[in-house]
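Summary of the model geometry
Residues per chain are reported as follows:
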Amino acid sequence: MGGGGSALRVCADHRGGINWLSLSPDGQRLLTGSEDGTARLWSTADGTCCALLQGHESYVTFCQLEDEAAFTCSADCTIRKWDVLTGQCLQVFRGHTSIVNRILVADNQLFSSSYDRTARAWSVDRGQVAREFRGHRNCVLTLAYAGAPCVEEAVAGGLLVTGSTDATAKVWQVASGCCHQTLRGHTGAVLCLVLDAPGRTAFTGSTDATVRAWDILSGQQLRVFREHQGSVICLELVNRHVYSGSADRTVKCWLADTGERVRTFTAHRHSVSALKYHAGTLFTGSGDARARAFDAQSGALRRVFRGHAFVINCIQVHGQVLYTASHDGALRLWDVRGLPPPRAAAPKRSLSRLFSNKGIFPMPWDRTQVVHIAGRLLTL
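Residues numbered from 1 in each chain as written. Predicted model: local features only at pLDDT ≥ 70, side-chain atom pairs only at ≥ 80, totals over all residues. Heavy atoms only, no water.

Time to look at the sheet that holds strand E12 (residues 118–123). In spatial order, the strands read E10-E11-E12-E13; together these 4 strands make up an open sheet with antiparallel pairing. Both edges of this open sheet fall to strand E10 (100–106) and strand E13 (129–134), since each of them pairs with a single strand only. Taking the axes of each pair of neighbouring strands and ignoring which way they run, one obtains an average angle of 15 degrees across the sheet. Bridge analysis of E12 against E13 gives 5 bridges, and the strand direction is antiparallel. Within the sheet, the bridge partner assigned to Ala121 lies in E13 and is Arg131. (Pairing = 2+ DSSP bridges. Helix = DSSP H or I, 4+ residues; strand = E, 2+ residues; numbered from the N terminus. Axes fitted to C-alpha atoms, helices over the stretch in contact; angles between N-to-C directions.)

Okay, structure coming up:
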């Protein structure tokens, strides 16, 4: 096992915990969203803060960074679009009546999920609601999008998949707003969700300690992945392997096509709150305030990154640098050069984008987070 890594840089400009971290498609910028109600843009080249995005009236729950624009959502019930060069707010999206939990920009559309029990599709340019997706009986936590090329033979306009604390996931026809399928089987809140590359299979993780695979066109439950002893908080899908991070302090690796567990990653002292696969290495973030690097094939622990004071909510990797964002308000940059090489060649990129509800753990002084955290139902 490699020794503990030291941070290349500590960016502590935020005055509250960082809830999310997004990397731009070109890899040049990072975006952080914080409990302090602001978002910040950072250069990946040297870790300097490029812009402060101010305007939200409550904490920022999630953010997504594109090459030319940044998007943030907040407990103030709004979504904002920002110019990445000037930091100017370009558009405010209003319509949700409770905390906006997640956003997703795809195919020139903006999708959002909220504690008001709805998901919505917006025009990115006009800031107007194009569709409302109503049918969940409780908070909508997570969402993923299968574009028209993936499913055009069955549904023109693509499909939106949402996960909720009502223990279901729903598949929606984006063009019409109609519910295409309701995925029933979980007995607890659906906290995280990923789609495979063809966009026909969804994998959901739940507080019922299971991962389930679904055919989103037919609504059929394909298989159930059992063995976790706590809530499944985050998922990553790589090369037909599903990685699941759990409140039971482990990550498990499963064969996506059979549900067979092939590996368990241990060593965490608290819930696993974040996952990221990169070049044969599985990086994890945990409630024990540490990030870890594992050999994805053997499961061997290769390095521990110590320095944060509280839970790591999100991680990104770019080049030879690991970025970790924590509830302690700091963004840390770590040098990942010198990690022992993986035992065998591994895929260089994930087959799916990760849209998951990663654990922001309750801190006694976070009065504004009570509703936001309660929806995650994490077992501490």
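Applying the stated rule across the entire model yields 10 aromatic pairs. Among the aromatic side chains, those forming a connected cluster through ring pairs are Tyr243, Phe265, Tyr277 and Phe294. Above the plane of the ring of Trp20 lies Arg102, whose end atom (NZ or CZ) is 4.8 Å from the centre. (Phe/Tyr/Trp six-rings, centres within 6.5 Å; stacked < 30°, edge-to-face > 60°. Lys NZ or Arg CZ within 6 Å of the ring centre and 35° of its normal.)

Once that is clear, we can look at the pattern of salt bridges. Taken as a whole and judged by the stated rule, the model has 11 salt bridges. Between Arg120 and Glu132 there is a salt bridge, with its nearest N and O atoms 3.3 Å apart. Placement of Arg120 in strand E12 and of Glu132 in strand E13 is noted, with a sequence separation of 12 residues between them. When its relative accessible area of 5% is taken as the criterion, Arg120 is described as buried. As a salt-bridge pair, Asp208 and Arg212 come within 3.8 Å of each other at their nearest N and O atoms. On the accessibility criterion, Asp208 (17% relative accessible area) is buried. Residues joined by salt bridges that share partners form a network here, namely Asp116, Arg120, Glu132 and Arg134. (Salt bridge = Lys/Arg side-chain N within 4 Å of Asp/Glu carboxyl O. Buried < 20%, exposed > 50% of the residue type's maximum accessible area, 1.4 Å probe, protein only.)

Here, the residues flagged by UniProt with the feature "repeat: WD" (unreviewed entry) are residues 11–43, 53–92, 93–132, 133–182, 183–224, 225–264 and 305–337. Span residues 53–92 is 0% helix and 55% strand, its end C-alpha atoms 13 Å apart. Annotation note: span residues 305–337, helix share 0%, strand share 58%, distance between end C-alpha atoms 13 Å. (UniProt positions renumbered as here; feature names shortened; annotations may be inferred.)

The 4 strands lie next to each other as E1-E32-E31-E30, forming an open sheet whose pairing is antiparallel. Each edge of the sheet is formed by a strand with only one pairing partner; in this case those strands are strand E1 (7–11) and strand E30 (312–318). Mean inter-strand twist for the sheet, computed between neighbouring axes without regard to direction, equals 15 degrees. Here 4 bridges tie E1 to strand E32 (residues 331–335), and the two strands are oriented antiparallel to one another. Looking at E32, one finds that Val10 is bridged to Arg332.

Positive phi values are uncommon outside glycine, yet Asn108 reaches one of about 60 degrees. Relative to the elements of secondary structure, Asn108 occurs in the loop between E10 and strand E11 (109–114). In this structure, Arg240 is a non-glycine residue whose phi angle is positive, near 65 degrees. When you line up the elements, Arg240 lands in the loop between strand E22 (232–238) and strand E23 (241–246). Residue Arg240 is classed as partly exposed on the basis of its relative accessible area, which comes to 27%.

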